[in-house]
Amino acid sequence: MKRLVLVGGGHAHLSVLEKLAHATIAGTEVILITPNRYQNYSGMLPGWIAGHYTREQSRVDLQPLVEASGVRMITASVTAMSADTRTLTLSDGQQVTYDFLSLDVGSETQTEGLSALGVRLLPVKPLDDFFDQWPEIQKKAINQKDYALVVIGGGAAGVELAFAAQFALKRAGAQEHVTLVVSPDGMLNGHHDSVRRRVLAYTRKVGIVLYQQAATGVVDGLQFSDGHRIYADQVIAATGAKPLSWLRQSGLSLNEQGYILVDACHRTQSHPEVFAVGDTCARTDVHMARSGVHAVKTGPVLADNLYTVLADSAAVLKDYQPRKSSLYLLACGPQYAIASWGRVSFEGHWVWRLKDWIDRGFIKKFSWNKV
Ligand SMILES: Cc1cc2nc3c(=O)[nH]c(=O)nc-3n(C[C@H](O)[C@H](O)[C@H](O)COP(=O)(O)OP(=O)(O)OC[C@H]3O[C@@H](n4cnc5c(N)ncnc54)[C@H](O)[C@@H]3O)c2cc1C
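Reference entry: report on the structure contained in this document.

What counts, and at which threshold
- Residues numbered from 1 in each chain as written.
- Predicted model: local features only at pLDDT ≥ 70, side-chain atom pairs only at ≥ 80, totals over all residues.
- Heavy atoms only, no water.
- Helix = DSSP H or I, 4+ residues; strand = E, 2+ residues; numbered from the N terminus.
- Rg over C-alpha atoms; globule rule 2.2 N^0.38 Å.
- Buried < 20%, exposed > 50% of the residue type's maximum accessible area, 1.4 Å probe, protein only.
- Pairing = 2+ DSSP bridges.
- Axes fitted to C-alpha atoms, helices over the stretch in contact; angles between N-to-C directions.
- Near = heavy atom within 4 Å.
- Polar contact = N/O pair within 3.5 Å; in protein donor to acceptor, adjacent residues only side chain to side chain.
- Areas by Shrake-Rupley, 256 points an atom, 1.4 Å probe, with all protein chains shown as cover.
- Nonpolar A, V, L, I, M, F, W, Y, C, P; charged D, E, K, R; others polar.
- Salt bridge = Lys/Arg side-chain N within 4 Å of Asp/Glu carboxyl O.
- Phe/Tyr/Trp six-rings, centres within 6.5 Å; stacked < 30°, edge-to-face > 60°.
- Lys NZ or Arg CZ within 6 Å of the ring centre and 35° of its normal.
- Parallel < 35°, antiparallel > 145°, perpendicular 65-115°, else oblique.
- Left-handed = near helix turned anticlockwise from the far one by under 90°.
- Contact = heavy atoms within 4.5 Å.

1. Side note on the overall build of the protein
Alright, step 1. Helix and strand counts for the protein come out as eight helices and 25 strands.
Alright, step 2. The C-alpha atoms of the protein give 21 Å as radius of gyration, which agrees with the globular expectation for 371 residues (21 Å, within 12%).
Alright, step 3. Counting only C-alpha atoms and orienting by the principal axes, one finds that the protein spans roughly 60 × 40 × 40 Å.
Alright, step 4. Here the protein holds 371 residues, and the buried ones make up 53% of them.

Written out as structure tokens, the structure reads:
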């Protein structure tokens, strides 16, 4: 009996579980290690903040999926691993060994320079913590006069969070003061100028205050590089990704930042029995942005490759070749969205309907209890 361990219920592992539900692998025990039986979906987080979705609608319940796929689920986090002895240490003290391992553990939020904010800081990742804490923040923002909410981060996540928060507070009748702080390089780097123009125009239209400066956290807000300070009751950080810290001592080959180096088949550079996908990995052959789109699309390739290695098949492993441009649909608060696709951009209520259809479809695909 061989043992395959899947760590994290991330986007790509959902495809592996789905494939297992259709066809188990003979002679293989499969274990999923996840801190939570629910896999929150970041694509629907802005819509949840804005009140378009319930929490249940924005996540996948892994329990029915693992039952259908004959996978044993352990509800715990990996806190350490030794790739050389093929051993994982879990948050509940258990040790789990493996023959093959796949890591889809995502990333955390880079909060360097913000720690002085203490409890005023809420990083967007881990998502589980964000989903738990946002309702309380929203309540305070609605009940406290002049509540100052600051979102820091000029990527798609920061922009969507600022739009969603502003819309949610306005709809609740609060006197909304939402500020978006982006780095000196500006917002939405990597997206076409036309997307940036649309987002900037929308930011102005809804009255979000925008700062474009490097900022560090202070006890009661942010301080900019020119010395100017702003007060914040709460700062939401969407300041980019950082890898999970326990990977440093794992024995796996990592890049300088600490992401797991993988080839085009998502096999790790150092250990052929270990695969890694999604935000936690860095490709050695091509630059790939950390995005849900790639994590989702790698899923079926990973699933096929795991089946191949477990079957001791001589078949060649499959490559995942990222397309040059991915479609990003940025939720704007109300049921309105801006699309970014290479050099093309467009916006409207129909763009939101497209996003809504894609996101609900994703959840439905893996919601085995609702079949
Ligand atoms: C607000 C927001 C909106 C976004 N919108 C988009 C979008 O529209 N399009 C897009 O392409 N990208 C989007 N992204 C980026 C996207 O969220 C990530 O790129 C994507 O989630 C990466 O998927 P993943 O499978 O690597 O990890 P995740 O989906 O984060 O899954 C990782 C899983 O691993 C688990 N895990 C973590 N640590 C451990 C551990 N130690 N042990 C066991 N399990 C662990 C976590 O609980 C989680 O379930 C958005 C991000 C944010 C914050």
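2. Quick notes on the sheet that holds strand β15 (residues 215-218)
Alright, step 1. Reading across from one edge, β15-β16-β17 is the order of the three strands in this open sheet, with antiparallel pairing throughout. Each of the sheet's edge strands pairs with one partner strand only, and the pair in question is β15 and β17 (229-231). Strand-to-strand twist across the sheet, computed as the mean angle between neighbouring axes with direction ignored, equals 25°.
Alright, step 2. Where strand β16 (residues 221-224) meets β17, three bridges bridge the pair, whose relative direction is antiparallel. From the neighbouring strand, Q223 faces β17, where its bridge partner is R229.

3. Focus: the site of the ligand
Alright, step 1. If you check the shell around the ligand, you find 29 residues, and the closest are Q39, S42, D104, D279 and G292.
Alright, step 2. At 2.3 Å from an oxygen atom of the ligand is found a side-chain nitrogen or oxygen belonging to Q39.
Alright, step 3. Taking D279, its main chain carries an N or O atom lying 2.8 Å from an oxygen atom of the ligand.
Alright, step 4. In the complex, the protein chains occlude 87% of the 990 Å² of accessible area that the ligand would expose alone.
Alright, step 5. Listed by contribution, the elements that provide at least two residues to the shell around the ligand are α5 (156-171) and α7 (292-310).
Alright, step 6. Of the residues belonging to the shell around the ligand, the class tally is 13 nonpolar, eleven polar and five charged.

4. A few points about the pairing of β15
Alright, step 1. Bridge analysis of β15 against β16 gives four bridges, and the strand direction is antiparallel. Of the residues in β16, the one forming a bridge with A215 is F224.
Alright, step 2. Between the end of β15 and the start of β16, which pair antiparallel, lie two residues.

5. Observations concerning the pattern of salt bridges
Alright, step 1. According to the stated counting rule, one finds 18 salt bridges in the structure shown.
Alright, step 2. Note that E29 is salt-bridged to R72, the shortest N-O span being 3.4 Å. With E29 in strand β2 (residues 28-34) and R72 in strand β5 (residues 72-75), the pair connects residues that are 43 residues apart, well separated along the chain.
Alright, step 3. Under the relative-accessibility criterion, E29 is labelled partly exposed at 23%.
Alright, step 4. On the accessibility criterion, R72 (41% relative accessible area) is partly exposed.
Alright, step 5. A salt bridge links K145 to D146; its shortest N-O distance comes to 3.9 Å.
Alright, step 6. Judged by relative accessible area, D146 falls into the partly exposed class, the value being 41%.
Alright, step 7. Salt bridges sharing partners connect three or more residues here, namely R3, E29 and R72.

6. Topic: the packing of aromatic side chains
Alright, step 1. If you walk through the whole model with that rule in mind, you get nine aromatic pairs.
Alright, step 2. When the ring of Y41 is compared with that of F362, the centres are 4.6 Å apart and the planes differ by 25°; the resulting orientation is stacked. Taken together, the positions of Y41 in the loop between β3 (38-40) and α2 (45-49) and F362 in helix α8 (residues 349-366) put the pair 321 residues apart, joining distant regions of the chain. Per residue, the accessibility class of Y41 equals that of F362, and both read buried.
Alright, step 3. Geometrically, the ring pair formed by F130 and W134 is stacked, given 6.2 Å between the ring centres and 5° between the ring planes. Of this pair, F130 and W134 both sit in helix α4 (residues 127-143), four residues apart, which is roughly one turn of that helix. The two residues F130 and W134 agree in class, both being buried.
Alright, step 4. Through pairs of rings, three or more aromatic residues link up here, namely Y41, F362 and F366.
Alright, step 5. Taking the ring centre of Y307 as reference, the NZ or CZ of K19 above it sits at 4.6 Å.

7. Quick word on the packing of helix α1 (residues 11-22) against helix α3 (residues 62-69)
Each pair of packed helices can be described by the angle between their axes along with the distance between the axes.
Alright, step 1. α3 packs onto α1 with a crossing angle of 40° between their chain directions and a minimal axis gap of 7 Å. Considered as vectors, α1 and α3 are oriented oblique to each other. Pair α1 / α3 crosses with left-handed handedness. On α3, the residues touching L14, L17, E18, L20 and A21 of α1 are L62, L65, V66, A68 and S69.
Alright, step 2. Considering only residue class, the contact of α1 with α3 consists of eight nonpolar, one polar and one charged.

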